[in-house]
Amino acid sequence: MTAPGNRIAVVTGASSGIGAATARRLAETGYRVVLTARRKDRIEALAAELTDAGHKATAYALDVTDRAAVDEFATAFRSLAVLVNNAGGALGADPVATGDPADWRQMYETNVIGTLNITQALLPALTASGDGTVVVVSSTAGHGTYEGGAGYVAAKHGEHVLAETLRLEIVGTPVRVIEIAPGLVKTDEFATTRFRGDTDRAAKVYAGVADPLTADDVADTITWTVTRPPHVNIDLLVVRPRAQASNTKIHREL
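I will try to describe carefully the structure that is included in this document.

Cut-off values and rules
Residues numbered from 1 in each chain as written. Predicted model: local features only at pLDDT ≥ 70, side-chain atom pairs only at ≥ 80, totals over all residues. Heavy atoms only, no water. Axes fitted to C-alpha atoms, helices over the stretch in contact; angles between N-to-C directions. Helix = DSSP H or I, 4+ residues; strand = E, 2+ residues; numbered from the N terminus. Parallel < 35°, antiparallel > 145°, perpendicular 65-115°, else oblique. Left-handed = near helix turned anticlockwise from the far one by under 90°. Contact = heavy atoms within 4.5 Å. Buried < 20%, exposed > 50% of the residue type's maximum accessible area, 1.4 Å probe, protein only. Salt bridge = Lys/Arg side-chain N within 4 Å of Asp/Glu carboxyl O.

As for the packing of helix α4 (residues 101-128) against helix α5 (residues 150-169)
So, point 1. For the pair α4 and α5, interaxial distance at closest approach is 7 Å and the crossing angle is 15°. The orientation of α4 relative to α5 falls into the category roughly parallel. Crossing of α4 over α5 shows right-handed handedness. Contact residues: Trp-104, Met-107, Tyr-108, Asn-111, Val-112, Thr-115, Leu-116, Thr-119 and Leu-123 in α4; Ala-150, Gly-151, Tyr-152, Ala-154, Ala-155, Lys-156, Gly-158, Glu-159, Leu-162 and Leu-166 in α5.

Notes on the environment of Ala-23
So, point 1. Structurally, the position occupied by Ala-23 is in helix α1 (residues 17-29).
So, point 2. On a C-alpha basis, the gap between Ala-23 and Ala-93 in space is 29 Å, while along the polypeptide they are 70 residues apart.
So, point 3. Discounting residues that sit within four places of it in the chain, Ala-23 has contacts with Val-11, Val-33, Leu-35, Leu-46 and Leu-50.

Quick word on the side chain of Thr-140
So, point 1. Topologically, Thr-140 is positioned in the loop between β5 (132-137) and α5.
So, point 2. The exposure class assigned to Thr-140 is buried, which follows from its relative accessible area of 5%.
So, point 3. For Thr-140, the residues in contact, after removing those within four places along its chain, are Ala-181, Pro-182, Gly-183, Val-238, Arg-240 and Asn-247.

Observations regarding the packing of α1 against helix α8 (residues 215-226)
Each pair of packed helices can be summarised by the angle the axes make with each other and by the distance between the axes.
So, point 1. It is at 8 Å that the axes of α1 and α8 come closest, and there the two elements cross at 45°. Relative to α8, α1 is oriented oblique. For the pair α1 and α8, the crossing hand works out as right-handed. Contact residues: α1 offers Gly-17, Ile-18, Ala-21, Thr-22, Arg-25, Leu-26 and Thr-29, while α8 offers Ala-215, Asp-216, Val-218, Ala-219, Asp-220, Ile-222, Thr-223 and Val-226.

As for the pattern of salt bridges
So, point 1. The tally for this structure, following the rule as stated, stands at eleven salt bridges.
So, point 2. Two residues, Glu-159 and Lys-156, come together in a salt bridge whose shortest N-O distance is 2.8 Å. Note that Glu-159 and Lys-156 are positioned in helix α5 at a spacing of three residues, about one turn of the helix.
So, point 3. Its relative accessible area of 3% is what places Lys-156 among the buried residues.
So, point 4. Notably, a salt bridge pairs Arg-167 with Asp-235, separated by 3.7 Å at the nearest N-O pair. Linking Arg-167 in helix α5 with Asp-235 in the loop between α8 and β7 (236-239), this pair joins segments that are 68 residues apart in sequence.
So, point 5. For Asp-235, a relative accessible area of 36% gives the class partly exposed.
So, point 6. Through salt bridges that share partners, Arg-25, Asp-216 and Asp-220 make up one connected network.

None of the figures reported here should be taken as evidence of function without further support.
Structure, rendered in structure tokens:
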């Protein structure tokens, strides 16, 4: 197990859900965490919580789709141990025939271009550490299609391919590339954001599922992969609740 010591871990999309849970887990493991997200108040509150608990945490408001802002952020790091690309999300569940191109564009910008921006900007610092790790939080959506999900599936497949290709291109450098692909995860915001605040529709996603994954389940998985010995690379880890066999096969007790 790699001892983090005073090593730095950057977590994008750290204002809620998987990102916030991952920041907590990494901080508890001993990393100095840098929390990034667009919602400054959320990450500042989390940084204060972690600091009060005796951990090392810093908040930095950042939109990963803003390349100039990302490049400016990256100048703060000469060496970086971990980058967790968690910022992303889904919008809508319309069929291809009626899907809103603006939703598709926004999902691609956030999930793919955002991941590209910050990974490119921080790769030199990750390499300089002599033991860097890039984590891409994709989704099982990136590995299997389902009706009403084409826009999100396309974006997450793009993110999966980004991770897979980067691993090929930087083999031989001291940087690992890990992809975590969660299935059904119940968080406070993911489904509600997808359905634009329609809480009833969001609740139906999890209806009858006794134990969907939690954000902390995924954060625990991410932390486990990051803390493997440096020569061990978990290329791809798919994590689903026991009740989910595939993107379209879920056991519901209704």
